[in-house]
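Survey of secondary and tertiary structure
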Amino acid sequence: MKIFSFLALLAMPFAGYAQQKVFKITDYGAKADGITNNTASIQKAIDNANAQGGGIVHVPAGKFLTGVINLKSNVTLNLAANAVLLGSAKRIDYGEGHASPLIFAKDQQHIGITGKGTIDGNGDELLKDLFAMLKAGKLRDSLWQRTNPWGQVQPEEPNRPKLIGFYNCAGIQVKGITIQNGLVWIQDYRECHDMVIDGIKVISNTYWNNDGIDLVDCKNVKLTNSFFNADDDGICLKSSNRNSCCENIYIANCTTRSSASGIKFGTASWGGFKKITIKDIKIYDTYRSAIALECVDGGVMEDIDISNINAVNTGNAIFIRLGHRNKDTVVSRINGIRISNVTVDVPKGKPDKGYPMEGPEVKGRHNPFPSSIAGLPGHPVQNVTLQNIKIVYHGDASKTVARVSLDSLTRIPENPRDYPEFSMFGELPAWGFYARHAAGVSFKNVTLSCAGRDFRAACVFEDIDGLTLNSLKIPQVKSLPVIALFGVTKSVMQNILMPGSAKNKVLTK
């Protein structure tokens, strides 16, 4: 994918800060004591900058407490080094109903947040006040007294403020800042376009649902050189509008850690994902999938190119899922996925053990989960190429824990309406890769290694129309068959490298 020509145009309104008028929030009465609520002072500086055609609203060094800030067209919020915008610890400061993001913009043009300072959501203190309001009956919330399947109690997401929420905005730059201590999605960019996000740092372990960044139905986006440490998904693309999609997005040179998935498309996938390039990503200590591509609400996923991914201590490598959660008759489509130059190390233990908010354990008895491609009967995942892939599994498997034999694959549920994730089918009959209901699957120079004990086949392919295995390497044969093909048509297998003789290593039915 080419670097977008829109980037040069996007940079123009932000070029040459020296020529732009600067509005210092301290000139409007803001105090850096961490106690005074500076919302009115900061908002007045923004309003004045907007009224005068634009400019830079500057936050100097110090800790400035604030409630909700509305960012307006042609205004850049600039945080000096050692400047902190500290979110109010009073839930009422975010509105009486649906909580507003701390920094909010809707229908605005040419806006930005830049500098070396920090936006701090003050999550621990805000959570105390939120629960106090819930106990006093001052907020409506249907979840806060319920225990979820993982034994957690948590208020509804709309009652927890996001830190940045930009909606239907264009010409966005977010550069250099640190964002931390939120109670839900840290950044929500929804139906925005022409965006540059570069060199940011996100620390998001305060509470659940804390995605590092969410791009929802956004177009023409460049996200680079950034760091995400998130309790929930690290870098997440979503689509909530059937008539829109995430499109023309370039993500590169980022590092992410997550107690969910490192790179994720979905779960919301109503319109879909088109023309996405992701490259040069480091992933570590991530509980669920390094790469999770999920299209389950009637959207379209196509022209996806993911390359140069290095994932260590990660619970699952690759998960590609076509499902049908939506109640209408529109079925999702996945066509044209290329994943290349990927190394993943899957440990024996829980990858995010010891982090402040660990991901909830997968329920039930199970052996280690393989990577997977899973479509639906009559609706295959189409044209997936995996090239130069190395996955090492360190866990052990035992028949006494769980077992699905190769002659009882019908026991594996389809679960078309279930929440998509790598454990959604329960126990699987392969330790390395499991693919079902797909067409045009190609493995090129893929190595699957199992350092532990495992009684299962390395790969199981079921209901595949067009399977190419070229230079598939399986250095450790744990049991026979090594590869099992069920209902596979138009298969090509060449340069399959496994120790020992070829007899009984490939089962075809």
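Just so it is clear, the structure is predicted and the values come from calculations on it, not from any experiment.

1. Thoughts on the overall build of the protein
Secondary structure assignment for the protein yields 3 helices and 31 strands. For 509 residues, the compact-globule estimate of 2.2 N^0.38 gives 23 Å, and the protein sits close to it at 24 Å. With the C-alpha coordinates of the protein rotated into their principal frame, the extents come out at 80 × 50 × 40 Å. For the protein, buried positions account for 59% of its 509 residues. Long-range pairs, those at least 24 residues apart, make up 76% of the contacts in the protein between residues at least 6 apart in sequence. Side-chain charges of the protein comprise 57 positive and 46 negative groups, with the mean position of each set lying 3 Å from the other.

2. Describing the pattern of salt bridges
Should the charged atoms of two oppositely charged side chains come close, the side chains can pair. Under the definition given, this model contains 18 salt bridges. A salt bridge links lysine 348 to aspartate 396, with the nearest nitrogen and oxygen atoms 2.9 Å apart. Here lysine 348 is found in the loop between β25 (333-346) and β26 (371-374), whereas its partner aspartate 396 is found in the loop between β27 (381-393) and β28 (430-450), with 48 residues between them in sequence. The exposure class of aspartate 396 is partly exposed, given its relative accessible area of 22%. Arginine 436 serves as the salt-bridge partner of glutamate 414, at 3.6 Å between the closest nitrogen and oxygen. In this pair, glutamate 414 sits in the loop between β27 and β28 while arginine 436 sits in strand β28, placing the two residues 22 residues apart along the sequence. Look at glutamate 414 and you get partly exposed, because its relative accessible area is 24%. Residue class for arginine 436 comes out buried when judged on its relative accessible area of 2%. Because the salt bridges share partners, they merge into one network encompassing Lys162, Asp188 and Arg190.

3. Concerning the environment of serine 88
Following the sequence through the fold, serine 88 ends up in the loop between β7 (83-87) and β8 (103-106). On the basis of relative accessibility, which here comes to 3%, the residue serine 88 falls in the buried class. Residues serine 88 and lysine 21 lie 67 residues apart in sequence; the distance between their C-alpha atoms is 28 Å. Those residues within four positions of serine 88 in sequence are excluded, and the remaining contacts are Leu65, Thr66, Gly67, Asp93, Tyr94, Asn122 and Leu126.

4. Here we look at the environment of proline 370
In this structure, proline 370 sits in the loop between β25 and β26. According to the relative accessible area criterion, proline 370 is buried, its value standing at 0%. Residues proline 370 and phenylalanine 486 lie 116 residues apart in sequence; the distance between their C-alpha atoms is 18 Å. Dropping the residues within four chain positions of it, proline 370 is found in contact with Asn316, Tyr393, Leu428, Ala430, Trp431, Gly432, Phe433 and Tyr434.

5. A word on the side chain of asparagine 229
Mapped onto the elements of the fold, asparagine 229 is located in strand β19 (residues 227-230). With relative accessibility at 12%, the residue asparagine 229 sits in the buried group. Only 3.1 Å separates the side chain of asparagine 229 from the side chain of asparagine 205, close enough to count as a polar contact. Not counting residues within four places of it along the chain, the set of residues in contact with asparagine 229 comprises Val202, Ile203, Ser204, Asn205, Arg257 and Tyr355.

6. Observations regarding the pairing of β27
One ladder, built from 10 bridges, connects β25 with β27; its direction is parallel. Note on β27: the bridge partner recorded for arginine 338 is threonine 385. Examined bridge by bridge, β27 and β28 share 11 bridges and lie parallel to one another. In the strand pairing of β28, valine 384 is matched with valine 441.

7. Re the side chain of asparagine 367
Tracing the chain through its elements places asparagine 367 in the loop between β25 and β26. The class for asparagine 367 is buried, based on a relative accessible area of 2%. Ignoring sequence-local partners within four residues, the contact set of asparagine 367 consists of Asp396, Ala397, Ser398, Val401, Ala402, Glu427, Phe455 and Arg456.

8. Focus: helix α3 (residues 123-135)
In a regular helix each residue adds 1.5 Å, so 13 residues correspond to 18 Å; α3 covers 18 Å between its end C-alpha atoms and thus fits that length. Listed as buried for α3 are Gly123, Leu126, Leu127, Leu130, Phe131, Met133 and Leu134. In a view along the axis of α3, the buried residues occupy a sector of 160°, so they form one face of it. Along α3, the residues that are exposed and aim more than 90 degrees away from the buried face are Asp124, Lys128 and Lys135. Remark: glycine 137 follows α3 within two positions and exhibits a positive phi of approximately 75°.

9. Section: the pairing of strand β3 (residues 55-59)
Burial within β3 is extensive, with 5 of its 5 residues counted as buried. Of the pairings in the sheet, the one linking strand β1 (residues 22-24) to β3 comprises 3 bridges and is parallel in character. What sits directly across from valine 22, in β3, is isoleucine 56.

10. Re helix α2 (residues 39-51)
Look at α2: 18 Å from first C-alpha to last across 13 residues, which is about the 18 Å you get at 1.5 Å a residue. Within α2, burial applies to Thr39, Ser41, Ile42, Gln43, Ala45, Ile46 and Ala49. Phi turns positive, to about 90°, at glycine 53, one or two residues after α2.

11. Comments concerning the confidence of the model for the protein
When pLDDT is averaged along the protein, the result is 94; 95% of the residues meet or exceed 70. Throughout residues 9-17 the model reports pLDDT below 50, and contacts reaching past four residues in sequence, or to other chains, amount to 20 contacts.

Parameters at a glance
Residues numbered from 1 in each chain as written. Predicted model: local features only at pLDDT ≥ 70, side-chain atom pairs only at ≥ 80, totals over all residues. Heavy atoms only, no water. Helix = DSSP H or I, 4+ residues; strand = E, 2+ residues; numbered from the N terminus. Rg over C-alpha atoms; globule rule 2.2 N^0.38 Å. Buried < 20%, exposed > 50% of the residue type's maximum accessible area, 1.4 Å probe, protein only. Contact = heavy atoms within 4.5 Å. Lys, Arg positive; Asp, Glu negative; His and termini not counted. Charge placed at Lys NZ, Arg CZ, Asp CG, Glu CD. Salt bridge = Lys/Arg side-chain N within 4 Å of Asp/Glu carboxyl O. Polar contact = N/O pair within 3.5 Å; in protein donor to acceptor, adjacent residues only side chain to side chain. Pairing = 2+ DSSP bridges. Expected span 1.5 Å × (residues − 1). Arc of directions from axis to C-beta. pLDDT = per-residue confidence, 0-100.

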